[in-house]
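Topology and contacts: notes
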Amino acid sequence: MKPSIWVRMDTWVRHMVPISVTLFLLLLTAIPTHLPGFAGVAPVLPLMGVYYWAIYRPDLLPAWAAFLVGVLYDILAGTPLGVHALVLLLVQGVSAGQRRFFLGKSFMVAWWAFGLLAAGSAGLSWILVAILSGQILDPRPVLFQYMLTLGLFPLLTWVLARTQMAFLKDV
Amino acid sequence: MKQSGAVGRLATLRLLAQRFAFVSLIISAVALMIVGKADILLIERTRAVVADALSPILDAMSRPAATVAEFMENVRELANLRAENARLKAENGRLQHWQTVARRLDSENVVLHEHLNVIPDPDPAFVTARVVGDLGSAFGHSMMLNAGARDGVRKGQAVLAGEVLVGYIAEVGERASRLLLLTDINAKLPVMVEASRTRAILSGDNKERPKLNYLTGTTTVAVGDRVVTSASGAAFPPGIPIGQVASTTDGIIRIEPFVHRHELEFVTIVDFGLGGILPFEKPPVPERRRRGQPAE
């Protein structure tokens, strides 16, 4: 039996949650915080969104969505177009490809793997921006940004897990 | 058994399609980088359109954030009330003296202007915009403003906070624009040291304090010297304050800006009627004409 239109709409809306949440994280990063020195090292929240959903619901945050979020990030942040698109795409690809490894593992493993992936993505963006702008950038802000991103990971994962339980438990 | 073979083939095909999609997305990301580097108009338009579309959302989201920030600021100010009061009293004493000096110089200036028949600088047109987006990133220092081409904002115009130059407009959409801060790695600006009139180029490098490069002459620059815009390049009128020299270690001179990024909430976009800084502008392509067709 075919499910009724309302059920299908409900499922559809629920399936939109991962993309919407990741886009919301992107906009959240763009809000002026007015904190001294924070703007230069603000954590890359969409990276965590892409990583989390790629592991737990890769069907709902496919590669093109990660690409889209990356392009929007580049436009909002004024970074060379395509840099974060490529970085987030690779993060999505790697974590979705290795998701069997994560399922059923403890949170520390996920955090450790995120540390590796985030380091890789920070390094790659640093190299790409340096090549595209033709100058060597100071690596220290990138390092601080990485530490902050890593430090915020537990909190954000908790929020994302809650979101998944609330909206996507059985769809 | 036959059916499961078909299903297996289908799964393989699907996997292949996924791989193909992934690889083509990677290629498009790389292509975007190359095309973006070439600075074609289409990319710039796309950036502007997307920024336009996002700016109302960002505007709505940034308002509660501004309220929270204001509240925090209030709490901090209350905590430092005594120290702040003492500091302001001392500063007031100093400024009283300067006021006397300024009054005297002002009247002297008026007399001199009259004697010399000086043509006054035209009053610049300006719009005031709110900072709606500040995507913090280690790779660039820029902000989104909620004023665009329909408000008269043009590429290259100066952006001031109070009397202080903080950056210039790098991209303009219909109702949003991007402010490139002077600390950004792509920001270059002709400046001069106010006291010695030494000309130099202020270049950002994504740090809080931009560098002072290409100084003319051999004059020494001391910590505390004020740095203002110069008229070189006819970008901005001379004399707009920027910051003061913070350090001169190892031959690298760094400037502490008078206004910091986190303090920006409302900014003034000023049209001085000059060329402004045009970061990515190329000379116009000569118009193509068919042979035998007269020029208009």
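I will try to describe carefully the structure that is included in this document. None of these values were measured; they are calculated from a predicted model.

Once that is clear, we can look at the environment of Val75 of chain B. The residue Val75 of chain B is located in helix H2 (residues 41-79) in this model. Sequence spacing of Val75 of chain B and Lys37 of chain B is 38 residues, and the spatial spacing of their C-alpha atoms is 45 Å.

All names here are of chain B. Given a rise of 1.5 Å per residue, 36 residues ought to cover 52 Å, and the 48 Å separating the end C-alpha atoms of helix H3 (residues 81-116) matches this to within 8%. Among the 36 residues of H3, zero are classified as buried, and the element is accordingly described as predominantly exposed. Asn117 sits one or two positions beyond H3 and adopts a positive phi of about 50°.

So, on to the interface of chain A and chain B. Contacts between the two partners involve 42 residues from chain A, matched on the other side by 42 residues from chain B. Counting only elements with at least two residues in the side of chain A that touches chain B, the list comes to helix H2 (17-30), helix H4 (63-77), helix H5 (83-97), helix H7 (107-133) and helix H8 (139-167) of chain A. At seven residues, H4 of chain A tops the list of elements feeding residues into the side of chain A that touches chain B. Each residue belonging to the side of chain A that touches chain B can be placed in one class, and the counts come to 28 nonpolar, 13 polar and one charged.

The next thing to look at is the sheet that holds strand S9 (residues 226-229) of chain B. Residue and element names in this part refer to chain B. Taken together, six strands build a closed barrel; the order of strands is S6-S7-S8-S11-S10-S9 and the barrel is antiparallel. Across the sheet, the axes of successive neighbouring strands diverge by a mean angle of 45°, strand direction being ignored. Pairing analysis gives three bridges linking strand S7 (residues 198-203) to strand S8 (residues 211-213), with the strands arranged antiparallel. Each bridged residue has a counterpart across the sheet, and for Ile201 the counterpart in S8 is Asn213.

Time to look at the sheet that holds strand S5 (residues 177-181) of chain B. All names here are of chain B. Ordered in space as S1-S2-S5-S4-S3-S12, the six strands form a closed barrel in which the pairing is antiparallel. Each strand axis lies, on average, 45° off the axis of its neighbour in the sheet, ignoring direction. The pairing of strand S4 (residues 164-172) with S5 spans five bridges and is antiparallel. The residue of S5 that forms the bridge with Gly167 is Leu181. Contacts from H2 reach strand S1 (125-133), strand S2 (142-145), S4 and S5 within the one sheet, and its direction differs from that of S1 by about 75°.

This part is about the nonpolar core. Membership of the largest hydrophobic core comes to 105 residues, with the highest contact counts inside it found for Val50, Tyr51 and Leu89 of chain A together with Leu145 and Val267 of chain B. Ranked by the residues each element gives to this core, the list is headed by H4 of chain A, at 11 residues. Both domains that furnish three or more residues to this core are identified here as domain 1 (42-116) and domain 2 (125-271) of chain B. When residues no more than four places from it in sequence are discounted, the contact partners of Val50 of chain A are Thr22, Leu61, Ala66, Val69, Leu88, Val91 and Gln92 of chain A.

Criteria and cut-off values
- As a convention, each chain's residues are numbered from 1 in the sequence order in which they are written.
- Chains carry letters from A onward and ligands carry numbers from 1 onward, assigned in written order.
- Note on the predicted model: pLDDT of at least 70 is required for a residue's local features to be given, and 80 or more for side-chain atom pairs to be given and counted; whole-chain, interface and lining totals, by contrast, use all residues.
- Put simply, DSSP H or I for four residues or longer makes a helix, DSSP E for two residues or longer makes a strand, and each gets a number counted from the N terminus.
- Every helix has an expected span of 1.5 Å times one less than the residues it contains.
- Counting other C-beta atoms within 10 Å of a residue's own tells you its class, since 20 or more makes it buried, 12 or fewer makes it exposed, and anything in between is partly exposed; those C-beta atoms are placed from the backbone.
- Here the contact rule is simple: place C-beta atoms from the backbone, and any two residues whose C-beta atoms are within 7 Å are in contact.
- Under the grouping applied here, Gly and all other residues not named as nonpolar or charged are polar, the nonpolar ones being Ala, Val, Leu, Ile, Met, Phe, Trp, Tyr, Cys and Pro and the charged ones Asp, Glu, Lys and Arg.
- At least two DSSP bridges between two strands are needed for those strands to be called paired.
- To define axes, lines are fitted to C-alpha atoms, for helices over the stretch in contact only, and angles between the resulting N-to-C directions are given on a 0 to 180 degree scale.
- A set of buried residues qualifies as a nonpolar core if it consists of Ala, Val, Leu, Ile, Met, Phe, Trp, Tyr and Cys joined through C-beta atoms within 7 Å.
- Domain delimitation follows an automatic or database domain assignment.

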